[in-house]
Structure formats: C-alpha cells, structure tokens
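Geometric and topological summary
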Amino acid sequence: MELNKPYTGGEHQIPARKQLLLTIWWLGKGETLISVADRFDVSLSTVYHCTNFLLSKLLSLQSRYITWPDLAEVSRVELDFRERCGFPGVVGAIDVCNICFKPPVEHQESYIDRKMQHSIKLQAILTSQKTFTNIMNVKNREITANIFITTTTWLETLLIPCIVG
C-alpha cells in the first residue's frame, strides 16, 4: 500500500511515518483533531487530511483482509475450533466492545450508551486463526446480548446450508 500521496503544495510534505503516527494516535487516544495537531506540530487541516487519507487507504483494503469464508473454509474453521477448543459446530468467535470518545457537537445523544457515556459499539467476528471475518458498528442503545440476534440475517445465508447439509 502506497502511503505517500502526491505533494500538492503548502509549507512542506509530511513524511508517511508521521502521518501514520498521528493517525494511530488520533484513533487510539480519541483526542480532538486540534489536540493531535498541537502534539505533532502540524495544522488542524493537516491532521484532517492525513487521517482521512490513511483511513480511506485502509478501507480500500478491507475486502482483501476482512471476508466471509466460503463453505469449504467454514468446514475447516469448524474443525479447527473443535480440535483447539473442543467446541463442535463453532465457525466464529463474536464479541462486542464499547469504544469511548469525545462526541461530535451535533447529535451527541446518538452516542450515549447504557452507562451514559459517549461511545460506539464495535462488533467483530473472528475465525479460529484470529482472522476477522466481520466488523460492524452497532446501535449504541442495543443490549450487547441482543446484537447477535439482530445481525443473524446475513449469517443465516452462510450457516443454514452448513447446518442442514
């Protein structure tokens, strides 16, 4: 993946390493863009453009690394879970976590969780080899135990043939 985008003018070009570091800092710490700009000694617009550029690059790769398995892969994953953990019929491990952050000025109420904190819920499904097969943002007010139930429609098309056949 090419991280250097064409230089379009301005004071100076930001090295790819610095762009990556400030993006990771912003994602990991949940700080405001202006706080990241101060920390990395760049302008607010630079942080905005660097994070958007790198996130769009990462998103363009998602179908390459985050995919649903075909039926042969489902059988292999089920066998692996059975051999590693003694759990028959398992084709993925699923969990949900809350990611707290400073909310945007508009629609702050959309991000309030059951503990009255601003956060989003992130659901992920992994194979026995710890490979992501699905990642999704889910409604914040949703009870974690119910999230799987509300997202099974797309799972049924994959799993019903495995269970029945």
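Residues numbered from 1 in each chain as written. Predicted model: local features only at pLDDT ≥ 70, side-chain atom pairs only at ≥ 80, totals over all residues. Heavy atoms only, no water.

Quick look at the overall build of the protein chain
- Helix and strand content of the protein chain: seven helices and three strands.
- Secondary structure elements in the protein chain, listed N-terminal to C-terminal, are α-α-α-α-α-β-β-β-α-α.
- Looking at the protein chain as a whole, 26% of its 165 residues qualify as buried.
- Of the roughly 11400 Å² of accessible surface on the protein chain, 59% is carried by carbon and sulfur atoms. (Helix = DSSP H or I, 4+ residues; strand = E, 2+ residues; numbered from the N terminus. Buried < 20%, exposed > 50% of the residue type's maximum accessible area, 1.4 Å probe, protein only. Areas by Shrake-Rupley, 256 points an atom, 1.4 Å probe, with all protein chains shown as cover.)

Comments concerning the confidence of the model for the protein chain
- Within the protein chain, residue pLDDT values average 77, and 75% of them lie at 70 or more.
- Helix α7 (residues 153–164) is the least confidently modelled element of the protein chain, averaging 43 in pLDDT, while helix α2 (residues 33–40) averages 92, the highest of any element.
- Every residue in residues 152–165 is under pLDDT 50, and counting partners more than four places away or in other chains gives 16 contacts. (pLDDT = per-residue confidence, 0-100. Contact = heavy atoms within 4.5 Å.)

Brief notes about the environment of Arg82
- With respect to the element layout, Arg82 can be found in helix α5 (residues 71–85).
- Residue classification places Arg82 among the partly exposed positions, given a relative accessible area of 41%.
- With 46 residues separating them along the chain, Arg82 and Ser128 place their C-alpha atoms 9.4 Å apart.
- Ignoring any residue separated from it by four or fewer positions in sequence, one finds Arg82 in contact with Phe87 and Pro88.
- At 2.5 Å, the side chain of Arg82 forms a polar contact with the side chain of Glu78. (Polar contact = N/O pair within 3.5 Å; in protein donor to acceptor, adjacent residues only side chain to side chain.)

Observations concerning the environment of Val74
- Tracing the chain through its elements places Val74 in helix α5.
- With 16 residues separating them along the chain, Val74 and Val90 place their C-alpha atoms 9.1 Å apart.

Some remarks on the packing of helix α1 (residues 16–29) against helix α3 (residues 44–60)
- Put simply, α1 and α3 touch, their axes get as near as 9 Å, and they point 90° apart. Between α1 and α3, the interaxial angle falls into the category roughly perpendicular. On α3, the residues touching Gln19, Leu20, Leu22, Thr23, Trp26 and Leu27 of α1 are Val47, Cys50, Thr51, Phe53, Leu54 and Leu55.
- Residue composition of the contact of α1 with α3, grouped by class: nine nonpolar, three polar and no charged. (Axes fitted to C-alpha atoms, helices over the stretch in contact; angles between N-to-C directions. Parallel < 35°, antiparallel > 145°, perpendicular 65-115°, else oblique. Nonpolar A, V, L, I, M, F, W, Y, C, P; charged D, E, K, R; others polar.)

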